[in-house]
Amino acid sequence: MNCLFDMTQIAPEPRERRTQEERRAASEHALVSAAISVMKVKGVAGLTLAEVASQAGVSKGLVVHLYGNKQSLQLAALARLRNNFSKRFGAMEDEAPSIELIRRYVRGIFVGLENRDSNSRLFSALLSEALFQDQAFAEGVAALHNATTQFVLACLEQEQRSGKILASDDLEALATFIVSWVRGIIQIFCINEAAGANTMNLKSMLSLMDQTLNTMIVSPDAGAKAASRH
């Protein structure tokens, strides 16, 4: 008997069937990803359940079944963005000094501004939209913003523990200042670009921000030298 013929008669092993929970999780993941993609292109106001369904390759009925309405899907998207941020920077904690992590965060945002579908631009739109939607949406945006502030705060606390002298003893206020400072620049950049009058030089702005960060965190030796001159 031909061996090749025998091999073709062997039935393939049956694939394991996914459970209902696994199928639901996969559908939710696809829909949230699609919602984020749509918002990056059309903004929060441009998000529709029909377009999300089309992009995810499912029926609108499934979107309604899983999320009920547009806002629930938006809140799920905000939660995804927040979790992704926490995972990304949490994985970096052992790779570099804390001030370097803050620099990476700032550089990553500025690089993201060069791409029209970046998370940097999306969050800028979300910040503006939070002023006009209801409390649940505002809370979702605030949670995402606060996750960033907590990350910067943790970096500053690590620098303080290592003996660095910071621009303020109120580290929570300092973290809030740094994040708000970056957010403000992003907002103005996006508004100017939408108006067709963007003259902001991102490279120069990043250099200025890097220099300013250096003045906020000083090594003990540098602080002692500065004190001895007075």
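First, a word on scope: everything that follows refers to the structure included in this document. In this text the structure is predicted, and so the values were computed from the model without any measurement. (Residues numbered from 1 in each chain as written. Predicted model: local features only at pLDDT ≥ 70, side-chain atom pairs only at ≥ 80, totals over all residues. Heavy atoms only, no water.)

### Things to note about the packing of helix α8 (residues 135-161) against helix α9 (residues 171-194)
- Relative orientation of the contacting elements α8 and α9 amounts to 130°, with a least axis distance of 8 Å. In terms of their interaxial angle, α8 and α9 are classed as oblique. The handedness of the crossing between α8 and α9 is right-handed. Only L171, E172, L174, A175, T176, I178, V179 and R183 of α9 make contact with α8, whose side of the interface consists of H145, T148, T149, V152, L153, L156, E157 and Q160.
- Residue classes in the contact of α8 with α9 are distributed as eight nonpolar, five polar and three charged. (Axes fitted to C-alpha atoms, helices over the stretch in contact; angles between N-to-C directions. Helix = DSSP H or I, 4+ residues; strand = E, 2+ residues; numbered from the N terminus. Parallel < 35°, antiparallel > 145°, perpendicular 65-115°, else oblique. Left-handed = near helix turned anticlockwise from the far one by under 90°. Contact = heavy atoms within 4.5 Å. Nonpolar A, V, L, I, M, F, W, Y, C, P; charged D, E, K, R; others polar.)

### Examining a negative patch on the surface
- A cluster of acidic residues, E157, D169, D170 and E172, forms a negative patch at the surface.
- The class for E157 is partly exposed, based on a relative accessible area of 32%. (Patch = residues over 30% accessible without salt bridge, like charges linked within 9 Å, V, L, I, M, F, W, Y side chains within 5 Å. Areas by Shrake-Rupley, 256 points an atom, 1.4 Å probe, with all protein chains shown as cover. Salt bridge = Lys/Arg side-chain N within 4 Å of Asp/Glu carboxyl O. Lys, Arg positive; Asp, Glu negative; His and termini not counted. Charge placed at Lys NZ, Arg CZ, Asp CG, Glu CD. Buried < 20%, exposed > 50% of the residue type's maximum accessible area, 1.4 Å probe, protein only.)

### Observations regarding helix α3 (residues 49-56)
- Within α3, burial applies to L49, V52 and A53. Relative to the axis of α3, the buried residues are bounded by an arc of 100° and lie together on one face.
- A positive phi of about 75° marks G57, the residue just after α3. (Arc of directions from axis to C-beta.)

### Looking at the side chain of H145
- Tracing the sequence through the fold places H145 in helix α8.
- Setting aside chain neighbours within four positions, we find H145 in contact with F123, V179 and R183.

### Focus on the layout of surface pockets
- Here the largest pocket defines a volume of roughly 390 Å³.
- Elements with a minimum of two residues in the lining of the largest pocket: α5 (70-90), α6 (98-112), α7 (119-129), α8 and α9.
- Approximately 310 Å³ is the volume found for the second largest pocket.
- What lines the second largest pocket is a set of 18 residues, among which K40, R121, L122, A125 and C190 lie closest to the centre.
- Contributing elements (two or more residues each) for the lining of the second largest pocket: α2 (20-42), α7 and α9.
- Each residue belonging to the lining of the second largest pocket can be placed in one class, and the counts come to seven nonpolar, five polar and six charged. (1 Å grid on protein atoms, 1.4 Å probe; cavity = no way out; pocket = protein on both sides within 12 Å on 5 of 7 lines; lining within 4 Å. Points joined across faces, edges and corners; volume = space filled by probe spheres on them.)

### Focus on the packing of aromatic side chains
- Taken as a whole and judged by the stated rule, the model has four aromatic pairs.
- Between F85 and F151, the ring centres sit 5.7 Å apart and the planes meet at 85°, which makes this aromatic pair edge-to-face. Remark: F151 occurs in helix α8 and F85 occurs in helix α5; sequence separation between them is 66 residues. Across this residue pair, the class does not change: F85 and F151 are buried. (Phe/Tyr/Trp six-rings, centres within 6.5 Å; stacked < 30°, edge-to-face > 60°.)

### Structural notes on the nonpolar core
- In terms of nonpolar packing, the biggest core is built from 32 residues, with I102, Y105, F151, V152, L156 and I178 touching the most fellow members.
- Those elements that provide at least two residues to this core are α5, α6, α8, α9 and α10 (202-216).
- Per-element accounting of this core gives the leading share, 10 residues, to α9.
- Residues A35, L49, Y67 and L81 belong to the second largest nonpolar core, which totals 27 residues. (Core = buried A, V, L, I, M, F, W, Y, C linked by side-chain atoms within 4.5 Å.)

### A short note on the pattern of salt bridges
- What the rule picks out here adds up to eight salt bridges.
- In this structure, the salt-bridge partner of R103 is E100, at a minimum N-O distance of 3.7 Å. Here the residue R103 and the residue E100 both occupy positions in helix α6, the gap between them amounting to three residues, near one helical turn.
- R121 is the salt-bridge partner of E193, the closest N and O atoms lying 2.4 Å from each other. With E193 in helix α9 and R121 in helix α7, this residue pair connects regions lying 72 residues apart in the sequence.
- Connected through salt bridges with shared partners, the residues E100, R103, R107 and D210 form a single ionic network.

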